[in-house]
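Chains, contacts and geometry: an overview
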Amino acid sequence: MTSSVGTEGQMGSQPLGQQAESLAEKMGEVRREISKLIVGQTEVVDGVLIALLAGGHVLLEGAPGLGKTMLVRTLAQAVAQKYSRIQFTPDLMPADVIGTSVVQENGDGRKSLGFQPGPIFTNLLLADEINRATPKTQSALLEAMQEKQVTVAHTSHLLEEPFFVMATQNPLEMEGTYPLPEAQLDRFLFKLRVPYPGREDLHDILDRTTQGSAATVRPVVNGPQILEMRRIVRTVPVAPHVQEYVVKLTLATHPESRENLLASKYIRYGSSPRGAQTLILGGKVRALLDGRYNVSLEDIRALLLSSLRHRIILNFEAQADGRTADDLLEEIAGKISPN
Amino acid sequence: MAEPLWGRLSLRSFGKTNFTVPDEGSGRAPFLALRVFSRRLLSLVPVQSRNEQGPVVPDVDAQEYSPELRGLIGTLKAIRHRILANTLLLGWTKWSVWVLIGLIALALAESRLGGGLLFVAILALLGAAAILVWTWQNRPSAYDAARQLDSAADLKDRTSTAIYLGVVKDHDGMIEEQRRDALSRVAKVDARGLFPLRWPGNLRGALVLVLLAAGLFAYRVHHKAPLVSLLQTTARSRLVQSILAPIVHEVEKDLQRTMALVTMKPDAIGDETRRGDSVAGDEDLWKGSDDKAAEAKDNQQDAAEAGDLPQDQLQAPGDQDTPPSGDANQEESNSQSQEGKNSDNSNGKSQQSEQQGAENRQSLGQSLMQALKNMMSNSPNQQTNNRANQQPPNGQGTPQSGNSHQPGTTESDKRGESRGNSDAKQKATQTASEGAGSQQGNKELRKDQDAHPVNAVPDRVALEASGFKEQTRMNVATETGTAQLASRDQSLQGDAVVNGAEQENIPARYRLYVQRYFEHADNGTH
């Protein structure tokens, strides 16, 4: 299985153009491997791969039983990375996530405090049902997600790259959940909604899971290759009008925006600059996966909802009017001309 | 990607505007300075602020682009020309539509076309030049053309990114790949075919307007302006005349009233203006007596024949020196008036006032006669109405009407009282509807007055105003005896106000009051 995974310096020795082409090919293979187990959900799979190459984290939201955990596990197998899963529950403590100092006895019988790493020390972390844990435990992920390190007893411990968190959560209206704080939400590159499968997809799911043995996933890329891909992604150029479009979109979500009355009416807090960064970075990855070497307006539009829907906080009026972040963002994008 | 692209692609900067004259010695210096200024001004117009208008990529000279992009630049140049031509055609066509509409309106309405045509021609040329300048100033850059090509050919911003990166010299592999990708994609697209020279959408409308305008001007060679002819024909029609005639009449009346107000005394203008419609009613009242003279005369004769009116009312005011027979109180009143005149003579003003009085009597005599006629013409209707509301005679009502509007002087008091008594006697002989002024009777009379305006004011005014003609005197006791001295505080108000004085002698601010008084009095008497 590992024979298909390229060596560490293989991509770096090629010209950049060829590396970009190789990246697109590799990601195509990863997609195919994932599709062996995950039926449909192409947008979710693409979103997860884009986030992986952009160096961000993903929050998956959907009802139980839609294959969220299966997707993460399959991806971990396809990219040949260490994988951990934490089931978040109300009694989960931060030490259960990041680790703790414990008394250890060395060979000559001396005892000392030593750091016992938690399950967060991995490459792909599945934080399952993250909104069932208390905010205190949820916040334990903050430093890890942004700084790629954890601090225990005044000692910082670096996490191994690539570090990729995929959190799943049930819809907030379900009982026994704690909404994620805004600061933590902003750490996620994308918030992907996992939809219910369609009729054909459901037939396919039943065929695959109730007959014979499950398919196996082979690893396609490794950690160093993912890091190399992340470097290539950042070299993709962006035309000024595309960047201007991103800026306009981001500013239009601010309630202080004079140009957009919609935001001032329904939005309490607009998108942070991380939202604009997400749009550009995600656009770059999407362009490469699409076989292009430049970001287009289409990339930005395609990533708008998943990039910004969790970064804007609606006010009471929006909730009273039944407005959602998605339809507000679509309306805002419809009003903003890229020219 | 060693350096930020924005840093290398510097925008055109606003340089200091230097207005130095190139050749100060020659006479062309001002023109040269103007040309330099206009060039700099025009060069500044396309520069936009990034903060407000978004990113602007300058129109870089084709020589600065990468050699690989020359073909793409050539394609974009052709596209730019076509976009420019289409924009210009559209602008000119829109402008020509407005010019043609103006020309058609001119041909329809203007009787002399020469000046108008010249004006429209100048306007059309100026507008066309302005559109040309505006279009040139806003012509698309190569980057703009590339964006339009991307949009038209679904190239996903490949060419615009390539053009944006086209001037980057030290490009890395990714830019080169991007450029190659863009060129390969553009090669598969018929770029020029996507931007054809298009006739403007409103060209048909403009052509229709051209034909219409040409037809109108051909018609105008031998005919008048159609709209003017149509208006004249319409104005002559009976229907329009019947509609317009009352309006014209009202306008003329308003004009006359306005002229009358303008010619009035300055102190009276304010009062008249304040009163508004009531002033107009006043004048109508006086004019109405003239208009209805003939009718009133007939009515007077009828009334005299029927014996409804007393003889003293049929008598002309100018004959009041001769008291009517059987009216002792009236004689008293006249004798007192004579006494008053004698006292005027003692003041040295009697001659002048008598002369004025004589003149006034002549003119007032005519107007009072007319007023009497008018009053008599109204009386039959009023009497008919009053018969339904007959009440027993009330002796108390008559003196009230005499005393209630007395001037403040002692002499006037006497006269007013005597006049009241005389009125009482006269009215007692007329009808039984007069008296204390029952409300019911007054209401009916008001209705009647609405149909027949009161025209009896002049004679009443004369009677009322006669009380003002003398000075107030005071009895002063001295050692030698008692003397009557004129009071200096009292001004003479009645120099020209003798029996039968004109309405002009009543201060304007009191006219309405006086008129209302006599309306009230008429309600009681008839």
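Residues numbered from 1 in each chain as written. Chains lettered and ligands numbered in written order. Predicted model: local features only at pLDDT ≥ 70, side-chain atom pairs only at ≥ 80, totals over all residues. Heavy atoms only, no water.

The number of helices and strands found in chain A is 14 helices and 11 strands. When burial is assessed residue by residue, chain A has 53% of its 339 residues classed as buried. Considering only residue pairs separated by 6 or more positions, chain A has 76% of its internal contacts joining residues 24 or more positions apart. Counting only carbon and sulfur atoms, one obtains 51% of the accessible surface of chain A, whose full area is about 15400 Å². (Helix = DSSP H or I, 4+ residues; strand = E, 2+ residues; numbered from the N terminus. Buried < 20%, exposed > 50% of the residue type's maximum accessible area, 1.4 Å probe, protein only. Contact = heavy atoms within 4.5 Å. Areas by Shrake-Rupley, 256 points an atom, 1.4 Å probe, with all protein chains shown as cover.)

Contact with chain A, which involves 27 residues of that partner, is made by 20 residues of chain B. Overall, the association of chain A and chain B removes approximately 1800 Å² of surface from exposure, summing both partners, and the carbon and sulfur fraction of that is 61%. Sorting the residues of chain A by area buried against chain B places A:P240, A:H241 and A:Y293 first, and these three jointly supply 31% of that buried surface. Counting every contact that joins chain A to chain B gives 2 salt bridges. Across the pair B:K156 and A:D290 runs a salt bridge whose closest N-O atoms are separated by 3.6 Å. At the boundary of chain A and chain B, one finds 7 residue pairs in polar contact (both at pLDDT 80 or more). For the side of chain A that touches chain B, the secondary-structure elements that each account for two or more residues are α1 (16–37), α9 (240–252) and α12 (297–308) of chain A. Of the residues forming the side of chain A that touches chain B, the biggest block, 5 residues, is contributed by α9(A). (Buried area = accessible area lost by both parts, 1.4 Å probe. Salt bridge = Lys/Arg side-chain N within 4 Å of Asp/Glu carboxyl O. Polar contact = N/O pair within 3.5 Å; in protein donor to acceptor, adjacent residues only side chain to side chain.)

Residue and element names in this part refer to chain A. Helix length check: helix α2 (residues 42–54) (13 residues) gives 18 Å between terminal C-alpha atoms against 18 Å at 1.5 Å per residue, within 8%. Within α2, 10 of the 13 residues are buried, leaving the element largely enclosed by the surrounding structure. If you check which residues of α2 are buried, you get V44, V45, G47, V48, L49, I50, A51, L52, L53 and A54. Just past α2, the residue G55 takes up positive phi, approximately 85°. (Expected span 1.5 Å × (residues − 1).)

Residues and elements named next belong to chain A. Residues V58 and L60 line one face of strand β1 (residues 58–61) and the alternating positions L59 and E61 line the opposite face, and both faces are buried. Pairing between β1 and strand β8 (residues 164–169): 4 bridges, direction parallel. From the neighbouring strand, V58 faces β8, where its bridge partner is M166. As paired elements, β1 and strand β9 (residues 190–193) share 4 bridges and run parallel to each other. Looking at the pairing, V58 lines up with F190 of β9. (Pairing = 2+ DSSP bridges.)

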